[in-house]
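Overview (structure and organization)
As a plain string of letters, each chain reads:
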Amino acid sequence: MIEKHIVLEDIDPVLFYGVKNANIQIIKALYPKLRIVARGNVIKVMGDEKEMCAFEEHVIAMEQHCAKYNCLKEEDIIRIVKGQDNEIEEVKNVIVYSVNGKPICARSTNQQRLVQAYEENDMLFAIGPAGSGKTYTSIALAVRALKNKEIRKIILSRPAVEAGEKLGFLPGDMKDKIDPYLQPLYDALQDMLPATKLQEMMEHNIIQIAPLAFMRGRTLNDAVVILDEAQNTTPAQIKMFLTRMGMNTKMIVTGDMTQIDLPPSQRSGLIESLHILKGIKGIAVIEMNEKDIVRHQLVTRIVEAYARHEKDKAAAHKKQHKKHQETDEEPIFRPMNGLGDN
């Protein structure tokens, strides 16, 4: 009798073992000739060498399934052990699977364009209204690249700009102070990675979330780097960010031109960068619109209503400006005292 240890490296062991170790009990029942003991992320197996080789092969396949789909069910285990894993019906256009095993796909034409542009370019600008999926799709692409070992880390950043209100003094350490600005990024990651695995990746700096100011002086290699809410960067900030790009790195910049929270005296770095970088090979710009919104249907109506309001306001301003110009151009005739006609 020989003994072998199998280490589960890329997944959360709790997910693999199942609720109350239900999965490991099924695996034990399928291999009655082997003695199997699971502790932490290590599975210890003892028994016949030939039987153990088949067991190890199947456990690796189960681990890969778990890493890809974020779940492992009884039917998955039986299918893998019986050599029927190729019977799984793949959903088209899946980027990655959620923690509940549901497929996360590009759900609109422009989201699909974003996925395609990611494959063909190293730097992307995803511009669009709230709810159009620009940040969520970008993070899904980054998680997929990490799972496929195409990169070694994900770096997510945002400018720390208050959205139209003064928050005042924030208590706590630096992480406590910046977390409120970065919560939307946490939300997306929590949808795609099991909590334990996400925590582990953040502790080991495999996933880094930091305010934009912390980027200065860094060279970012082997990573997907996402700058969210880029409409709130200054020209100097976005230039600094874009020039952090290293080898084997992809950068995705997202922003919404209609939600700029900078003081009126400051220009948006995103608007300026799109003008400066227009036409450069290797940089793609994906413009999203109201048709891409995947939140509640009211969000689409709200965005459309605000767009109409801004259009009407611009038209009224233009009309008023034209009226003032016409008034200023009218000739002014004044009688000349004492020099009238005789």
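In this numbering scheme, every chain counts its residues from 1 along its sequence in written order. It should be noted that, the model being predicted, local features are given only for residues of pLDDT at least 70 and side-chain atom pairs only at 80 or more, the latter also being counted only at that level, while totals for whole chains, interfaces and linings use all residues. Heavy atoms from the whole structure form the basis of all side-chain values; hydrogens and water molecules are not counted.

Along the protein chain, the regular secondary structure elements total eleven helices and eleven strands. Any residue under 20% of the maximum accessible area for its type is buried, any over 50% is exposed, and the rest in between are partly exposed; the area is computed with a 1.4 Å probe on protein chains only. Per-residue burial over the protein chain gives 42% buried out of 342 residues. Between two residues, a contact is recorded if the distance between any of their heavy atoms is within 4.5 Å. A sequence separation of at least 24 residues applies to 69% of the contacts in the protein chain between residues at least 6 apart. Accessible areas in this description were obtained via Shrake-Rupley with a 1.4 Å probe; residue shielding takes into account the shown protein chains only. For the protein chain, the exposed surface amounts to about 20,800 Å²; the carbon and sulfur share of it is 52%. Secondary structure elements are taken from DSSP: a helix is a run of H or I of four residues or more, a strand is a run of E of two residues or more, and numbering for both begins at the N terminus.

It is a general feature of regular strands that their side chains alternate between the two faces of the sheet. Here strand E11 (residues 283-287) shows a buried face lined by Ala284 and Ile286 and an unburied face lined by Ile283, Val285 and Glu287. In this analysis, strands are considered paired if DSSP registers two or more bridges between them. Where strand E6 (residues 123-127) meets E11, five bridges bridge the pair, whose relative direction is parallel. Paired with Ile127 across the bridge in E11 is Glu287.

Moving on: the packing of helix H2 (residues 22-30) against helix H4 (residues 74-81). Across the interface, H2 lies against H4 with an axial gap of 10 Å and an inter-helix angle of 30°. Overall, the two elements H2 and H4 adopt an arrangement that is roughly parallel. Here H2 and H4 pass one another in a crossing that is right-handed. Across from Asn23, Ile26, Ile27 and Leu30 in H2, the residues of H4 making contact are Glu74, Ile77 and Val81. Here the term charged refers only to Asp, Glu, Lys and Arg, the term nonpolar to Ala, Val, Leu, Ile, Met, Phe, Trp, Tyr, Cys and Pro, and the term polar to all other amino acids, Gly among them. A per-class count over the contact of H2 with H4 returns five nonpolar, one polar and one charged. Angles shown run from 0 to 180 degrees and are taken between the N-to-C directions of axes, each axis being a line fitted to C-alpha atoms and, for helices, limited to the stretch in contact. The labels follow the angle: roughly parallel below 35 degrees, roughly antiparallel above 145, roughly perpendicular from 65 to 115, and oblique for the rest. Rotating anticlockwise by less than a right angle from the far helix to the near helix defines a left-handed crossing, while the corresponding clockwise rotation defines a right-handed one.

Any pair of Phe, Tyr and Trp rings, taking the six-membered ring for Trp, is counted once the centres come within 6.5 Å. Such a pair is stacked with planes under 30 degrees apart, edge-to-face with planes over 60 apart, and tilted for the rest. Under the criterion given, the structure shown has three aromatic pairs. Seen from their ring centres, Tyr31 and Phe55 are 5.1 Å apart, and the 85° between their planes marks the pair as edge-to-face. Taken together, the residues span a long stretch of sequence, with Tyr31 in the loop between H2 and strand E2 (35-39) and Phe55 in helix H3 (residues 49-69) at a distance of 24 residues. Assigned by exposure class, Tyr31 and Phe55 land together as buried. Charge-over-ring contacts are defined here by two conditions on Lys NZ or Arg CZ: a distance within 6 Å of the ring centre and an angle within 35 degrees of the ring normal. Above the face of the Tyr118 ring, Lys250 is positioned so that its terminal group lies 4.8 Å from the ring centre.

Here we take up the sheet that holds E6. Consider a sheet: its strands pair through backbone hydrogen bonds, and that pairing is either parallel or antiparallel. Taken together, the six strands give an open sheet; going across it, the order is E8-E7-E9-E10-E6-E11, and neighbouring strands pair in parallel fashion. Every interior strand has two partners, whereas the edge strands, strand E8 (207-211) and E11, have only one. Each strand axis lies, on average, 15° off the axis of its neighbour in the sheet, ignoring direction. Bridge count for E6 against strand E10 (residues 249-255) is five bridges, and the pairing is parallel. In the sheet register, Ile127 faces E10, and the bridge partner there is Gly255. Sheet contacts for helix H5 (residues 109-120): E6, strand E9 (223-227), E10 and E11; angle to E11, the most-contacted strand, approximately 175°.

Moving on, we get to the sheet that holds E2. Across the sheet, which stays open at both edges, the three strands sit in the order E1-E3-E2 with antiparallel pairing between neighbours. In this open sheet, the two edge strands, each paired with only one partner strand, are strand E1 (2-7) and E2. Each strand axis lies, on average, 15° off the axis of its neighbour in the sheet, ignoring direction. With six bridges joining them, E1 and strand E3 (residues 42-47) adopt antiparallel strand pairing. Bridge pairing in E3 places Lys4 opposite Val45. Sheet contacts for H3: E1, E2 and E3; angle to E1, the most-contacted strand, approximately 5°.

Further remarks concern unusual backbone geometry. The bulk of non-glycine residues show a negative phi, and the bulk of peptide bonds are trans. With phi around 60°, Asn205 is a residue other than glycine that occupies positive phi space. Residue classification places Asn205 among the partly exposed positions, given a relative accessible area of 48%. Backbone geometry places Asn248, a non-glycine residue, at a positive phi of 50°. For Asn248, the position within the fold is in the loop between helix H9 (235-242) and E10.

Attention now moves to the pattern of salt bridges. Any Lys or Arg side-chain nitrogen found within 4 Å of a carboxyl oxygen on Asp or Glu counts as a salt bridge. What the rule picks out here adds up to nine salt bridges. A salt bridge links Arg144 to Glu119; its shortest N-O distance comes to 2.5 Å. Within this pair, whereas Arg144 is found in helix H6 (residues 134-147), its partner Glu119 is found in helix H5, the two being separated by 25 residues in sequence. With a relative accessible area of 47%, Glu119 lands in the partly exposed category.

A word on the pairing of E2. Bridging between E2 and E3 involves five bridges; their strand directions are antiparallel. Bridge pairing links Ile36 to Val45 in E3. Here E2 folds back onto E3 in antiparallel fashion, the turn holding two residues, of which Gly40 has a positive phi close to 60°.

Next up on the list: the packing of H3 against H4. Interhelical geometry of H3 versus H4 gives an angle of 140° and a closest axis separation of 10 Å. By the angle between their directions, the pair H3 and H4 is classed as oblique. Considering how the two elements wind past one another, H3 and H4 form a crossing that is right-handed. Taking contact as the criterion, the partners of His58, Ala61, Met62 and His65 in H3 are, on H4, Asp76, Ile77, Ile80 and Val81. Residues belonging to the contact of H3 with H4 are distributed by class as follows: five nonpolar, two polar and one charged.

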